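Descriptive analysis of the structure
If you want the building blocks of each chain, they are given just below.
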Amino acid sequence: MLLFVYFLFSAFVAEQKPDYEQLAVEHFFLNALPENYPDLKSVEFNPRTDTSLYIGIVMTCKHWEEETKKKIYDQLPEKSRSLRISESGIKIKKVRNWSNRLNIAVSPSRQVGNKHYVSISAYKKLRFVDHYIFEFNQEGRIIDICKTSEVI
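This paragraph deals with the side chain of E44. Secondary-structure assignment places E44 in strand 1 (residues 42–45). For E44, a relative accessible area of 1% puts it in the buried group. In terms of polar contacts, E44 uses its side chain to reach the side chain of S99, at 2.5 Å. Once residues lying within four places of it in the same chain are set aside, the contact partners of E44 are K93, K94, V95, R96, S99, R101, L102, N103 and I104.

Set out below in structure tokens:
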């Protein structure tokens, strides 16, 4: 009986780590997407995080310390995981190689100290790539977002 009470108590007390990738996706689809791409009717989105997503763009985040940027870049990403999209008013399509739609990819979280970083790339073939790097605290609150862009 005592063992049962212990497990029950530990289940309630155990602190769960926030899903940083999901929090970044929700913020992106509810805020950044309508603000920065207002004319979009649909986007392509892979519902799994992409462990091969290039995170080196963090070096262009001018307001972050150099040491922090190096640690983010050097940190290995967590495992790939599934994501879901909240209702955003934009149609979500499967990723295709020869499409002209905006393609959105999400990196797995990287932890540096007590902060977590998630990168979202919005890619338009032969046009541009916008990178959004989200900085989270341990509780899952967004501390900062670094946005950089590249013209292709």
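With that out of the way, let us pick up the state of the cysteines. Applying the stated criterion to the full structure yields 1 disulfide. Across the disulfide, C61 is cross-linked to C146 (sulfur-sulfur distance 1.9 Å). In this structure, the disulfide formed by C61 and C146 twists by about -105° around the S-S bond and is classed as left-handed. Taken as a pair, C61 in the loop between strand 1 and helix 3 (66–74) and C146 in strand 7 (residues 142–151) lie far apart in primary sequence, 85 residues in all.

The rules behind each value
- Residues numbered from 1 in each chain as written.
- Predicted model: local features only at pLDDT ≥ 70, side-chain atom pairs only at ≥ 80, totals over all residues.
- Heavy atoms only, no water.
- Helix = DSSP H or I, 4+ residues; strand = E, 2+ residues; numbered from the N terminus.
- Buried < 20%, exposed > 50% of the residue type's maximum accessible area, 1.4 Å probe, protein only.
- Polar contact = N/O pair within 3.5 Å; in protein donor to acceptor, adjacent residues only side chain to side chain.
- Contact = heavy atoms within 4.5 Å.
- Disulfide = S-S within 2.5 Å.

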